[in-house]
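# Inside the fold
Below are the chains, spelled out letter by letter.
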Amino acid sequence: DTAVSQTPKYLVTQMGNDKSIKCEQNLGHDTMYWYKQDSKKFLKIMFSYNNKELIINETVPNRFSPKSPDKAHLNLHINSLELGDSAVYFCASSQGTGSKNQPQHFGDGTRLSIL
Amino acid sequence: DQQVKQNSPSLSVQEGRISILNCDYTNSMFDYFLWYKKYPAEGPTFLISISSIKDKNEDGRFTVFLNKSAKHLSLHIVPSQPGDSAVYFCAASLNYQLIWGAGTKLIIKP
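Cut-offs used in this document
Residues numbered from 1 in each chain as written. Chains lettered and ligands numbered in written order. Predicted model: local features only at pLDDT ≥ 70, side-chain atom pairs only at ≥ 80, totals over all residues. Heavy atoms only, no water. Disulfide = S-S within 2.5 Å. Helix = DSSP H or I, 4+ residues; strand = E, 2+ residues; numbered from the N terminus. Buried < 20%, exposed > 50% of the residue type's maximum accessible area, 1.4 Å probe, protein only. Contact = heavy atoms within 4.5 Å. Core = buried A, V, L, I, M, F, W, Y, C linked by side-chain atoms within 4.5 Å. Pairing = 2+ DSSP bridges. Axes fitted to C-alpha atoms, helices over the stretch in contact; angles between N-to-C directions. Patch = residues over 30% accessible without salt bridge, like charges linked within 9 Å, V, L, I, M, F, W, Y side chains within 5 Å. Areas by Shrake-Rupley, 256 points an atom, 1.4 Å probe, with all protein chains shown as cover. Salt bridge = Lys/Arg side-chain N within 4 Å of Asp/Glu carboxyl O.

## Some points on the state of the cysteines
- Enumeration over the complete set of coordinates arrives at two disulfides over all chains.
- Residue A:C23 pairs covalently with A:C91 via a disulfide, S to S 1.8 Å. Here the disulfide of A:C23 and A:C91 is left-handed, its torsion about the S-S bond being about -80 degrees. A residue pair is termed long-range when its members are at least 10 positions apart, and A:C23 in strand β3 (residues 19-25) and A:C91 in strand β9 (residues 87-94) qualify at 68 residues.
- Judged by relative accessible area, which is 1%, A:C23 ranks as buried.
- Here A:C91 falls in the buried class, since its relative accessible area comes to 0%.
- Through a disulfide, B:C23 is tied to B:C90; the S-S separation comes to 2.1 Å. On the sign convention where negative is left-handed, the bridge of B:C23 and B:C90, at about -70 degrees about the S-S bond, is left-handed. You can see B:C23 sitting in strand β3 (residues 19-25) and its partner B:C90 sitting in strand β9 (residues 86-94), a full 67 residues away along the chain.

Written out as structure tokens, the structure reads:
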């Protein structure tokens with residue numbers, strides 16, 4: 001059984017479009033995250049939700065809007081896609097805040113390519 | 001400004017020998033350190049962690065050492081196996097956020 005699943009796995013679209021990436025976890029965790037892995041392979045936190053409430057909101061363009069309909073889902077909507085948005089986006093979940101003895105569990109990533 | 005650095009982009013080790021992956025950090029306020037392993041086209045998976053109040057944590061073939069005075073930690077894998085070939089990320093915890101290194105690609109040679 002997949003613990004953290006993201007869809008789609010690959011997303012190729014044109015500049016200016018609006019797209020969404022979905023994430024679901026079946027681990028019963030109360031915290032979910034979105035990360036962006038850039039071309040230099042760094043994983044950078046974008047957002048974190050705990051019990052459907054936003055707790056981390058790093059400096060990302062407001063074209064990126066997370067939505068958490070319930071504890072098991074955290075979707076990422078991106079408006080007016082730009083070339084620089086091309087990256088791999090990872091969803092993760094954890095029980096509590098994900099450090100210490102409660103590590104984060106990751107999905108397999110969504111590879112977004114902007115033409 | 002990179003707070004967590006993995007200075008070796010890649011490392012090649014003979015099967016059966018010890019693999020040592022290194023990580024340096026700059027912020028003395030980090031309270032926990034974690035190692036993750038990542039295969040291609042998959043997400044990172046948690047491997048082992050260590051609290052900042054300890055200097056060693058062991059789990060099977062994996063041992064993490066922390067040297068707080070040097071702001072350095074290392075992951076030892078012994079003996080190395082072909083399935084250990086992957087990218088290894090070091091991450092540090094601060095204010096409930098994880099700060100990640102860029103990863104080291106470990107290649108285990110038969």
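## Focus on the side chain of B:N27
- Its place among the elements puts B:N27 in the loop between β3 and β4 (32-38).
- Excluding anything up to four places from it in sequence, B:N27 contacts B:Q3, B:K71 and B:L94.

## Some thoughts on the nonpolar core
- With 23 residues, the main nonpolar core has B:F33, B:W35, B:L73, B:L75 and B:Y88 as its most contacted residues.
- With four residues, the top contributor of residues to this core is β9(B).
- Counting 19 residues, the second-largest nonpolar core is a separate cluster that includes A:L11, A:M46, A:C91 and A:I114.

## As for the sheet that holds strand β1 (residues 4-5) of chain B
- Read across the sheet, five strands follow the order β1-β3-β8-β7-β6 (chain B) without closing on themselves; strand pairing throughout is antiparallel. One side of each edge strand has no neighbouring strand; the edge strands of this open sheet are β1 and β6 (56-59) of chain B.

## Quick look at the sheet that holds strand β7 (residues 64-70) of chain A
All names here are of chain A.
- Read from one edge to the other, the open sheet built from four strands follows the order β1-β3-β8-β7, with strand pairing classed as antiparallel. Bordering the open sheet on either side are β1 (4-7) and β7, each of which pairs with just one other strand. Between one strand axis and the next, the sheet turns through 20 degrees on average, direction left out of account.

## Examining a nonpolar patch on the surface
- Together, B:I18, B:I20 and B:V78 line one region of the surface with nonpolar side chains, adding up to about 230 Å² of accessible area.
- Within the secondary structure, B:I18 sits in the loop between β2 (10-14) and β3.

## Digging into the environment of B:D84
Residue and element names in this part refer to chain B.
- By the element assignment, D84 lies in the loop between β8 (72-77) and β9.
- Overall, the relative accessible area of 2% leaves D84 in the buried class.
- Remark: the alpha-carbon pair of D84 and I108, spanning 24 residues in sequence, is separated by 6.9 Å.
- Excluding its chain neighbours within four sequence positions, the residues that come into contact with D84 are K37, R61, F62, I77, P79, L106 and I108.

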